[in-house]
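Each chain, written out:
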Amino acid sequence: MPRALLIVLDSVGIGGAQDAAAYGDAGADTVGHIAEACATGRGDRAGLRQGPLHLPHMAALGLGLACEASTGRIPPNLEPKGPLKGAWGYGIETSKGKDTPSGHWEIAGVPVAFDWGYFPNTVPSFPKELTDALIARADLPGILGDKHASGTEIIDEFGAEHMRTGKPICYTSVDSVLQIAAHEETFGLERLYDLCRIGRELCDRYKIGRVIARPFVGSPEEGFRRTGNRKDFATPPPSDTILDTLAKAGRLVVTVGKIGDIFAHRGTGREIKPNGNDACLSAAIDAMRGLGDGGFVFANLVDFDSEYGHRRDIPGYAAALEAFDRRVPEIEAVLEPGDLVIIAADHGNDPSWQGTDHTRENIPILCFGPEVEPAAIGKRSSFADIGASVLAHLDVGHAGKGRSWL
């Protein structure tokens, strides 16, 4: 039986969302603006990268053409230089919101039709009933933060006081999220996870999508840094995703990165959670190398979003895209006859945009494998077409949203 690999490049949007203005994102274009910045020298950083954005393998898979279909222009240096090697198109999000769960759930066949809850951009941000309950149930001396903030800036602001008082740092953003940061050593990692489990239960009444543990280490003297032990506590999808469908069909599923957290560990099979893009991609490639017939590997590469998009780091984002592109031949090398690979995204996070939050964008869809003919698959009216195509390729019945292009 055929096998499939789905890789989500977290936040690698390609602009053009028709409803972007409703989210304050009209004109945002993650890949396009990175390419334009690199072409004019704004993507250079000594010791990291320089020059035009160089993505020859993804360009050959149709990335530049997908950008052109979405926005009307091919970004600088993303024209395919030779024969195309895959099928390409772009996806339109129908879900409400522009966060990770909305994008991934829709990819997996369950568009979000309801409104998420959000915490206001006020100080304090959180309802008093929520913070009082969190403090009481977790036996805390109090909390710090209680506002919208950048995850790196807020630990710099409150890290020393947190270590001195034992109060965890609670913050949010324009996304449907409660984030809790705490020192791995002085507060304790498992204690932070337990605190987030309490927060998850308390946030259900507010329709908050995720409670995220944000552990960090360091000291006031040396500075603080977040670790790779982040853990997301997500509300489960409201109906069966393609992961549930494959599990019920008895298919082997391997999920890599934060996929298990995003889907509340439902139908997520064997979960592998390394730290960083390279480690996650290596794990996905290794999983494909040993995957049995009819199996599915679903991976998320989060660094594009968490390390570079939110931090508005154009050179860092460009270097991460180039690092992934260099490894595309490794993916191709493990494929067997009948295998299918889909590279996509879940939303945008334009590092040239104002603020520090996600941007509402269309996503690229690049599809390749030993028997995939180069072709345009056009505009896909929902991210759910990706999941439908995975199930069609694996010859598993599909009862959810989406229409396969296969």
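So, about the sheet that holds strand β14 (residues 375-380). Read across the sheet, eight strands follow the order β10-β9-β11-β1-β12-β13-β2-β14 without closing on themselves; strand pairing throughout is mixed. Of all the strands in the sheet, just β10 (270-272) and β14 have a single pairing partner and so form its edges. The average angle at which neighbouring strand axes cross in this sheet is 15°, direction not considered. Pairing between strand β1 (residues 4-9) and strand β12 (residues 340-344): five bridges, direction parallel. Counted as the bridge partner of Leu 6 is Ile 342 from β12. Against the sheet, helix α3 (residues 63-71) touches β2 (87-91) and β13 (363-368), its axis set at about 35° to β2. The sheet contacts of helix α14 (residues 384-393) involve β1, β11 (296-301), β12, β13 and β14, and relative to β12 the element is tilted by about 175°.

Here the focus is the packing of aromatic side chains. Applying the stated criterion across every chain, the model contains nine aromatic pairs. With centroids separated by 6.4 Å and ring planes inclined at 55°, the aromatic side chains of Phe 119 and Tyr 206 adopt a geometry described as tilted. Remark: Tyr 206 occurs in the loop between α7 (184-203) and β6 (210-219) and Phe 119 occurs in the loop between α4 (100-107) and α5 (128-138); sequence separation between them is 87 residues. The class for Phe 119 is buried, based on a relative accessible area of 6%. Judged by centre distance (5.9 Å) and plane angle (55°), the rings of Phe 263 and Phe 298 are tilted. Highlighted residues: Phe 263 in the loop between α9 (259-262) and β10 and Phe 298 in strand β11, separated in sequence by 35 residues. Judged by relative accessible area, which is 1%, Phe 263 ranks as buried. Taken together, Trp 105, Phe 114 and Trp 116 form an aromatic cluster joined through their ring pairs. Over the ring of Tyr 193 we find Lys 231, and its NZ or CZ is 6.0 Å from the ring centre.

With that settled, the discussion passes to empty space enclosed by the protein. Evaluated as defined, the whole model comprises one cavity of 30 Å³ or more. The calculated volume of the largest cavity comes to roughly 30 Å³. By residue class, the composition of the lining of the largest cavity is eight nonpolar, no polar and no charged.

The next thing to look at is the pattern of salt bridges. Summed over all chains, the structure comprises 30 salt bridges. Its salt-bridge partner being Arg 45, residue Asp 313 comes within 2.7 Å of it at the nearest N-O pair. Here Asp 313 is found in the loop between α11 (303-309) and α12 (314-326), whereas its partner Arg 45 is found in the loop between α1 (30-39) and α2 (56-60), with 268 residues between them in sequence. A relative accessible area of 14% means that Asp 313 is categorised as buried. Asp 232 is the salt-bridge partner of Arg 230, the closest N and O atoms lying 2.7 Å from each other. Assessed through its relative accessible area of 2%, Asp 232 is described here as buried. Because the salt bridges share partners, they merge into one network encompassing Asp 99, Arg 210, Arg 230 and Asp 232.

Cut-offs and rules
Residue numbers here run from 1 along each chain, matching the order of that chain's written sequence. Totals for whole chains, interfaces and linings use all residues, but because this is a predicted model, local features are given only for residues with pLDDT of at least 70 and pairs of side-chain atoms are given and counted only at 80 or more. The basis for every side-chain value is the complete set of non-hydrogen atoms in the structure, without hydrogens or water. We treat two strands as partners when DSSP finds at least two bridges between them. Secondary structure elements are taken from DSSP: a helix is a run of H or I of four residues or more, a strand is a run of E of two residues or more, and numbering for both begins at the N terminus. Here an axis means a line fitted to C-alpha atoms, over the contact stretch when the element is a helix, while the angle between two N-to-C directions is reported on a 0 to 180 degree scale. Any two residues whose heavy atoms approach within 4.5 Å are treated as being in contact. Here the aromatic set is Phe, Tyr and Trp, taking the six-membered ring for Trp, and pairing holds for ring centres within 6.5 Å; pairs whose planes are under 30 degrees apart are stacked, those over 60 apart are edge-to-face, and all others are tilted. Relative accessibility thresholds used throughout: buried, under 20% of the residue-type maximum; exposed, over 50%; partly exposed, between the two (1.4 Å probe, protein chains only). Here, a charge over a ring is recorded when the distance from Lys NZ or Arg CZ to the ring centre is within 6 Å and its angle to the ring normal is within 35 degrees. Definitions used for this entry: grid spacing 1 Å over protein atoms alone; cavity, a set of points where a 1.4 Å probe fits but cannot get out; pocket, an open set with protein on both sides within 12 Å along at least 5 of 7 lines; lining residue, one with an atom within 4 Å of a point. Grid points are joined across faces, edges and corners, and a volume is the space filled by probe spheres set on the points. Nonpolar residues are Ala, Val, Leu, Ile, Met, Phe, Trp, Tyr, Cys and Pro. Charged residues are Asp, Glu, Lys and Arg, and all others, Gly as well, are polar. Definition used for salt bridges: Asp or Glu carboxyl oxygen within 4 Å of a side-chain nitrogen of Lys or Arg.

Taken by themselves, the reported measurements are silent on function.
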